[in-house]
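What follows is the residue order along each chain.
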Amino acid sequence: MKAEHRRFSRIAGLGVSLLTVFFLALIGEGVCFFLVRTGHQMDGGVRASSRVKLLDRPARFRVQTTIPVPRGTPPVAYHNYDARKIYEDPRVTQLSQFDLSSGYSMRPNSEARAVRKIVGERKLYDVRYTTDSFGRRRTPGQRGPRNRYLAFWGCSFIFGEGLEDNETLPYYVSRLNPKHRAYNYGVTAYGTNMILAQVQARNLRLEIPEKEGTVVYVFTDQQVPCALATRLYVKSILDLPYFFEDSRGQLRRGGTFRTGRSWISGLYLLSLRSHILDFLNIDFPLRLGERHFRLVAKMIAETQAEFRRKKSGSPFFVVFAPRSSFAKQLIPYFEEYGIHYLDYSEMDLDRYLKEPPIIEYDGHPSAAANRFLARLITRDLGLQAGDPTLP
């Protein structure tokens, strides 16, 4: 009898403990739901009030206009500021289109207006984006004969989100190098997987008629979680390219994150319902390890190989953007795979610029930052500089 009583007591105690944990979790979910909705959110375990890094939002590219903020608009934390006042209209004009190879790309021969504002105060930017016949952002002012090319690849850093056509990094580099024609292949929210898919799908011999030139791939940290479809990114990129290493260590494409990695993506989607995880801003995997960075490096190495197959003899350089915290993890693999790089990851642009290096309350590089980086890239790639009047 005593043994049965002890067994019953243990079972009852376990049941009470489980019920307690369950009810505490419910209470925690409710509290965190309220905190997130009222603008309180953690950033990696720390209140999101630290300095904004150059970033790329994990969302399909859209061009924004402005309307009053509707009640219940989810906040996004930028700087130590009431993020609910940083607003973009959900009724948008799409500048992107469905693309079978990479998920989405830019519409050719299009023009759109992008507006971002602090509601009730002032605009952060009000700019226009235009694309050419191949869906690349236009780089104006390239008149006269130019017999070499500079092909820029990347995310919104290269595209120039929040900037006019004549304020992007490719534009300023083209001004400094009058013998080169610059092409802007940047697309907002692209990861390394999507850049690779685009290079594989495009007819680069047709799109870039110049026979000789240089490829500049600008790397930012946000390309990694996009390429891996981590928890915080998976909802936006379920139908984008999924690359993985097979049992022999070879890079393979397995459809999309929805079809090729369905069970992991499903678990991540389920976890997005947790207000506790949202409040703590927890991403999965919790820590990016060696296999993750090796996979990203292999995608970039395959991008280099694919470009050289289509444009033989093209020098290929990866530029680590300022404040890129993943440069140290990737550089050993770049050296192993023979990828040339320019490392600006530890550069603090505030030391060199009188103007802000990022767009206020946004995080993307400013026109002043692009002008400065254009001079660095021109110098470090050994290109012939021109236009000494460039401010």
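Now for a look at the structure at hand.

Reading the values: rules and limits
- Residues numbered from 1 in each chain as written.
- Predicted model: local features only at pLDDT ≥ 70, side-chain atom pairs only at ≥ 80, totals over all residues.
- Heavy atoms only, no water.
- Helix = DSSP H or I, 4+ residues; strand = E, 2+ residues; numbered from the N terminus.
- Buried < 20%, exposed > 50% of the residue type's maximum accessible area, 1.4 Å probe, protein only.
- Contact = heavy atoms within 4.5 Å.
- Areas by Shrake-Rupley, 256 points an atom, 1.4 Å probe, with all protein chains shown as cover.
- Phe/Tyr/Trp six-rings, centres within 6.5 Å; stacked < 30°, edge-to-face > 60°.
- Patch = residues over 30% accessible without salt bridge, like charges linked within 9 Å, V, L, I, M, F, W, Y side chains within 5 Å.
- Salt bridge = Lys/Arg side-chain N within 4 Å of Asp/Glu carboxyl O.
- Pairing = 2+ DSSP bridges.
- Right-handed = clockwise from strand over helix to strand, strands pointing away.
- 1 Å grid on protein atoms, 1.4 Å probe; cavity = no way out; pocket = protein on both sides within 12 Å on 5 of 7 lines; lining within 4 Å.
- Points joined across faces, edges and corners; volume = space filled by probe spheres on them.
- Nonpolar A, V, L, I, M, F, W, Y, C, P; charged D, E, K, R; others polar.

**Topic: the overall build of the chain**
Turning to step 1, where the next piece is worked out: When its secondary structure is counted, the chain shows 11 helices and 14 strands.
Turning to step 2, where the next piece is worked out: Here the chain holds 391 residues, and 50% of them are scored as buried.
Turning to step 3, where the next piece is worked out: For the chain, the proportion of contacts with a sequence separation of at least 24, taken over those separated by at least 6, is 73%.
Turning to step 4, where the next piece is worked out: When the accessible area of the chain is evaluated, it comes to approximately 19300 Å², of which 55% is carbon and sulfur surface.

**Some points on unusual backbone geometry**
Turning to step 1, where the next piece is worked out: Of note, the amide linkage connecting F284 to P285 takes the cis form, showing an omega dihedral of 0 degrees.
Turning to step 2, where the next piece is worked out: In this fold, P285 is placed in the loop between α8 (275-280) and α9 (290-310).
Turning to step 3, where the next piece is worked out: Here N109, not a glycine, exhibits a phi torsion of approximately 50 degrees, which is positive.
Turning to step 4, where the next piece is worked out: Along the chain, N109 turns up in the loop between β5 (103-106) and β6 (111-118).
Turning to step 5, where the next piece is worked out: What makes N109 exposed here is its relative accessible area of 52%.
Turning to step 6, where the next piece is worked out: You will see that A189, though not glycine, has its phi angle at about 70 degrees, which is positive.
Turning to step 7, where the next piece is worked out: Within the fold, A189 resides in the loop between β9 (180-184) and α4 (192-201).

**A closer look at the side chain of Q198**
Turning to step 1, where the next piece is worked out: Here Q198 lies in helix α4.
Turning to step 2, where the next piece is worked out: Those residues in contact with Q198 that lie beyond four places of it in its chain are D99, S101, S102, S105, W153 and Y190.

**Quick notes on the packing of aromatic side chains**
Turning to step 1, where the next piece is worked out: Tallied over the full model, the rule gives 16 aromatic pairs.
Turning to step 2, where the next piece is worked out: Relative to F159, the ring of Y129 lies with its centre 5.0 Å away and its plane at 75 degrees, an arrangement referred to as edge-to-face. Note that Y129 is positioned in strand β7 (residues 122-130) and F159 in helix α2 (residues 156-159), a separation of 30 residues in sequence.
Turning to step 3, where the next piece is worked out: Between F320 and F334, the ring centres sit 5.4 Å apart and the planes meet at 25 degrees, which makes this aromatic pair stacked. Residue F320 is found in strand β13 (residues 316-320), and its partner F334 is found in helix α10 (residues 327-337); the two are separated by 14 residues along the sequence. Each member of the pair, F320 as well as F334, is classed as buried.
Turning to step 4, where the next piece is worked out: Feature note: the residues F219, F320, F334 and Y341 constitute an aromatic cluster, connected by ring pairs.

**Notes on a nonpolar patch on the surface**
Turning to step 1, where the next piece is worked out: Nonpolar side chains collect at one region of the surface, where W263, L267 and L270 lie side by side and expose about 380 Å² of accessible area between them.
Turning to step 2, where the next piece is worked out: As for its placement among the helices and strands, L270 is situated in helix α7 (residues 262-271).

**As for the pairing of β13**
Turning to step 1, where the next piece is worked out: Counting buried positions along β13 gives 5 out of 5 residues, so the element sits mostly inside the fold.
Turning to step 2, where the next piece is worked out: Burial of β13 is two-sided: the residues F316, V318 and F320 facing one way and the residues F317 and V319 facing the other way are all buried.
Turning to step 3, where the next piece is worked out: Bridge analysis of strand β10 (residues 212-219) against β13 gives 5 bridges, and the strand direction is parallel. Note that in β13 the partner of F219 across the bridge is F320.
Turning to step 4, where the next piece is worked out: In the sheet, β13 pairs with strand β14 (residues 340-343) via 4 bridges, with the strands oriented parallel. In the strand pairing of β14, F320 is matched with D343.
Turning to step 5, where the next piece is worked out: In this region the chain leaves β13, passes through α10 and returns to the parallel neighbour β14; the handedness of that crossover is right-handed.

**Remarks on helix α3 (residues 169-176)**
Turning to step 1, where the next piece is worked out: Counting buried residues along α3, 7 of its 8 residues qualify, which places the element largely inside the surrounding structure.
Turning to step 2, where the next piece is worked out: Taken together, the buried positions of α3 are occupied by L169, P170, Y171, Y172, V173, S174 and L176.
Turning to step 3, where the next piece is worked out: Buried residues along α3 sit in contact with β8 (148-153), α2, β9, β10 and α11 (367-380).

**Considering the pattern of salt bridges**
Turning to step 1, where the next piece is worked out: Taken as a whole and judged by the stated rule, the model has 22 salt bridges.
Turning to step 2, where the next piece is worked out: For E212, the salt bridge is made with R148, and the minimal N-O distance between the two is 2.8 Å. Here E212 is found in strand β10, whereas its partner R148 is found in strand β8, with 64 residues between them in sequence.
Turning to step 3, where the next piece is worked out: Of the charged contacts, one joins R258 and D239 as a salt bridge, the two residues approaching to 2.7 Å between their closest N and O atoms. Within this pair, whereas R258 is found in the loop between β12 (251-256) and α7, its partner D239 is found in the loop between α6 (223-228) and β11 (241-245), the two being separated by 19 residues in sequence.
Turning to step 4, where the next piece is worked out: Classification of R258 by relative accessible area gives partly exposed; the value is 44%.

**A closer look at the layout of surface pockets**
With a probe scaled to a water molecule rolled over the atoms, the places where space remains empty come into view.
Turning to step 1, where the next piece is worked out: If you add up the space inside the second largest pocket, you get close to 390 Å³.
Turning to step 2, where the next piece is worked out: If you list the elements that add at least two residues to the lining of the second largest pocket, you get α6, β11, α7 and α9.
Turning to step 3, where the next piece is worked out: Here the lining of the second largest pocket is built from residues that sort into 13 nonpolar, 1 polar and 4 charged.

Function-wise, these values are silent; they only describe arrangement.
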